[in-house]
Structure formats: C-alpha cells, structure tokens
Amino acid sequence: MTWTLSTVIAEIFYCIIGLIFIGTGFKALKDNTCSKRVTTAAFWFILAATFIAGPYFPRWITGLCVVLMALLTAFNRVAPSKSDIPDAKETRAAADRLGYSVFIPPLFLALSAVLVATFLKSLVPIMPSASQVSSP
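Quantities reported herein were computed from a predicted structural model and do not represent experimental measurements. (Residues numbered from 1 in each chain as written. Predicted model: local features only at pLDDT ≥ 70, side-chain atom pairs only at ≥ 80, totals over all residues. Heavy atoms only, no water.)

## Thoughts on the pattern of salt bridges
- Under the counting rule described, the total for this entry stands at one salt bridge.
- Of the charged contacts, one joins R92 and D96 as a salt bridge, the two residues approaching to 3.1 Å between their closest N and O atoms. Of this pair, R92 and D96 both sit in helix α4 (residues 88-98), four residues apart, which is roughly one turn of that helix.
- A relative accessible area of 54% means that D96 is categorised as exposed. (Salt bridge = Lys/Arg side-chain N within 4 Å of Asp/Glu carboxyl O. Helix = DSSP H or I, 4+ residues; strand = E, 2+ residues; numbered from the N terminus. Buried < 20%, exposed > 50% of the residue type's maximum accessible area, 1.4 Å probe, protein only.)

Written out as structure tokens, the structure is:
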C-alpha cells in the first residue's frame, strides 16, 4: 500500500470509527437489561476489528468476519441496548434545546469536503478514466 496524506487521514478516521464501535460493544456488554448482550457485543467487536485492521487481515479473515456479522444479524442475536433508546420526553427536551443547531456539523462537513476538493487537490483521489479501466 502506498502511504499518502489522504491514506493516513483515512486510516485515522477508520481507527476512530473502530474505537466508537468498541465503545458500543462495551456499552452493550455492560447493559444487564439487554438479553443478547454477549452476541451484540461480539457483533460490535468484530465490526471494529474490520474497520481498524481489516486491510491488514488476509481477505478470507475479513470475509469470515462479514459472514459472522451476517449470521449474528440473521439469527436475531443483535439487539439495541436499553440505554441507546431515549424516551419521548428526553427526545423532545433535546430537540427543544438544540433546535436547528443539529444541522451545523453536517453543514460543516459538506463545506469542508467542497473546500478540500477545490483547494487541496493532493488530497482528492484520482479516479481513472474509462479508457484506463480494464474490463474483466
């Protein structure tokens, strides 16, 4: 793999997302009200491993992780934690408190993406033209 600035930034974000998934797994594992807490946590830990180290695993291991997550989901072994579901009163209070400010982060991300694509061309991935793409 060729390491460029955009590759390093992408890897950092994948690791951050993986850490969030690990936190979600521990949260599910600690939730005594969740009847499927062990398998739910296993799902999140497997997903975290594929985000953090997936490109460095042999492909068959990454594929096995995807199959395991699909099986856990297909057999209804993944459930939300009780603490992940706010009640209607909490939701209304948060909406009243935050108002339209909840749109600031996505707006900032979109604006950042446009600015990076416009002014920092070295960070934008180069897409091959149709003539450069070989057909199978």
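## Side note on the side chain of T7
- Checked against the element boundaries, T7 lands in helix α1 (residues 5-30).
- Polar side-chain contacts of T7 include one of 3.0 Å to the side chain of T4. (Polar contact = N/O pair within 3.5 Å; in protein donor to acceptor, adjacent residues only side chain to side chain.)

## A few points about the environment of F51
- Looking at the secondary structure, you find F51 in helix α2 (residues 37-53).
- When the C-alpha atoms of F51 and G18 are compared, they prove to be 5.4 Å apart, with 33 residues separating the residues in sequence.

## What to know about a nonpolar patch on the surface
- Residues W3, L5, V8, I9, I12, F13, I16, I20 and Y56 make up a contiguous nonpolar surface patch of roughly 890 Å² in combined accessible area.
- Relative to the helices and strands, I20 resides in helix α1. (Patch = residues over 30% accessible without salt bridge, like charges linked within 9 Å, V, L, I, M, F, W, Y side chains within 5 Å. Areas by Shrake-Rupley, 256 points an atom, 1.4 Å probe, with all protein chains shown as cover.)

## Comments concerning the packing of α2 against helix α3 (residues 59-74)
- It is at 10 Å that the axes of α2 and α3 come closest, and there the two elements cross at 155°. It follows from the interaxial angle that α2 and α3 lie roughly antiparallel. Like other packed secondary-structure pairs, α2 and α3 cross with a definite hand, here left-handed. Facing α2, whose interface residues are T39, A42, F43, I46, L47 and T50, α3 presents C65, L68, M69, L72 and T73. (Axes fitted to C-alpha atoms, helices over the stretch in contact; angles between N-to-C directions. Parallel < 35°, antiparallel > 145°, perpendicular 65-115°, else oblique. Left-handed = near helix turned anticlockwise from the far one by under 90°. Contact = heavy atoms within 4.5 Å.)

## Section: the packing of aromatic side chains
- Under the definition given, this model contains six aromatic pairs.
- The interplanar angle of 40° and the centroid separation of 5.4 Å between the aromatic rings of F21 and W44 together place this pair among those described as tilted. Note that F21 is positioned in helix α1 and W44 in helix α2, a separation of 23 residues in sequence.
- Every member of this aromatic cluster is reached through a ring pair, and the members are Y14, F21, F43, W44 and F51. (Phe/Tyr/Trp six-rings, centres within 6.5 Å; stacked < 30°, edge-to-face > 60°.)

## Points about the nonpolar core
- Core analysis: the biggest nonpolar cluster contains eight residues, these being F21, F43, I46, L47, A48, C65, M69 and L72.
- Elements with a minimum of two residues in this core: α2 and α3.
- The element best represented in this core is α2, accounting for four residues.
- Apart from the residues lying within four places of it in its own chain, the contact partners of L47 are F21 and M69. (Core = buried A, V, L, I, M, F, W, Y, C linked by side-chain atoms within 4.5 Å.)

## So, the packing of α1 against α2
- Packing of α1 against α2 brings their axes to within 8 Å, and their N-to-C directions diverge by 170°. On the basis of their axis angle, the class for α1 and α2 is roughly antiparallel. Counted together, Y14, C15, I17, G18, L19, F21, I22, T24, G25, F26, A28 and L29 of α1 and R37, V38, T40, A41, W44, F45, L47, A48, F51 and I52 of α2 form the full contact between these two elements.
- For the contact of α1 with α2, a count of residues per class yields 17 nonpolar, four polar and one charged. (Nonpolar A, V, L, I, M, F, W, Y, C, P; charged D, E, K, R; others polar.)

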